[in-house]
Structure formats: structure tokens, C-alpha cells
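# Report on the structure
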Amino acid sequence: MSEVNYYDVLGLPRNSSDEDIKKAYRKLAMKWHPDKNRDNAEEAAKKFQDIGEAYDVLSDLEKRAIYDRYGYDGLKNGVPMGDGGWLTCTPVMPVEMRT
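Below or above, wherever it landed, is the structure these notes cover. (Residues numbered from 1 in each chain as written. Predicted model: local features only at pLDDT ≥ 70, side-chain atom pairs only at ≥ 80, totals over all residues. Heavy atoms only, no water.)

### Quick notes on the overall build of the chain
This is how the line gets drawn: Put simply, DSSP H or I for four residues or longer makes a helix, DSSP E for two residues or longer makes a strand, and each gets a number counted from the N terminus. Buried, partly exposed and exposed residues are distinguished by accessible area as a fraction of the type maximum, computed with a 1.4 Å probe on protein chains only: under 20%, between the cut-offs, and over 50%, respectively. Residues count as neighbours in contact if any of their non-hydrogen atoms are within 4.5 Å of one another. Surface accessibility in these figures is a Shrake-Rupley result with a 1.4 Å probe; residues are shielded only by whichever protein chains are displayed.
Per the secondary structure count, the chain includes 4 helices and 2 strands. Along its sequence from the N terminus, the chain presents helices and strands in the succession α-α-α-α-β-β. Counting all 99 residues of the chain, 32% fall into the buried class. Counting contacts in the chain only where the partners sit at least 6 residues apart, residues at least 24 apart contribute 45% of the total. Put simply, the chain shows about 6,500 Å² of open surface, and 50% of that area lies on carbon and sulfur atoms.

What follows is the structure, encoded as C-alpha cells:
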């Protein structure tokens, strides 16, 4: 998943509470779980992974703060420094790179 809006993935506004994020995640995870969408398993698996990645970021206060301020690049590369470099932090591993 690259350059996506995690809030859009979960169908939430940026100012959503932790409880709102959890509720949206649970609802969408149930809806798109591959076992519940066997006739469209490939699309369901992709959406399910995207939903999980969005929840992973937005449910973690540190990751969410970095994402809100620097976007996906801040999570992937770290926090931008004034010299053009990046201060690395705990990055989010894109779904396509997970084994």
C-alpha cells in the first residue's frame, strides 16, 4: 500500500477517537475477511490487508502522530530532517513486503 489515506481506508475523519478507529476496523475486518468473501477472495484479501495496515498505524499513538504530521513517507522513511535526510523510527512494513 503506497500513498494511501489510512483514514479513508477506515472511512473515518482525521479527528477520530481511538474508539472510533477500533469500531471501524472491526466492522470492516468482518465485512472483508477472506473467509466471508470466498467468491471474491482476491479483492477481499487485499482490502483486509489494507484495513489491517491502516489500523496498525492509526491505533498506535506514535505511528499515528508521525503519519498525521509527515504522511506515509514519514512512516516508511522516518521523520524528515532539516538537512534533507530522514531520522528513522519504527517504520511500517508495507503489506507487500510482509511474509
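After that view of the structure, there is still more to cover.
### Considerations on the side chain of N37
Condition: Any N or O atom pair separated by 3.5 Å or less is treated as a polar contact, with the protein-specific requirement of one donor-capable and one acceptor-capable atom, and with residues adjacent in sequence counted only for side-chain atom pairs.
Its location among the elements puts N37 in the loop between α2 (18-32) and α3 (41-58). Engagement of the side chain of N37 in a polar contact is seen with the backbone oxygen of H33, the distance being 3.1 Å. Setting aside residues no more than four positions away along its own chain, N37 makes contact with K31, W32 and A44.

So yeah, pure geometry; function would need other evidence.
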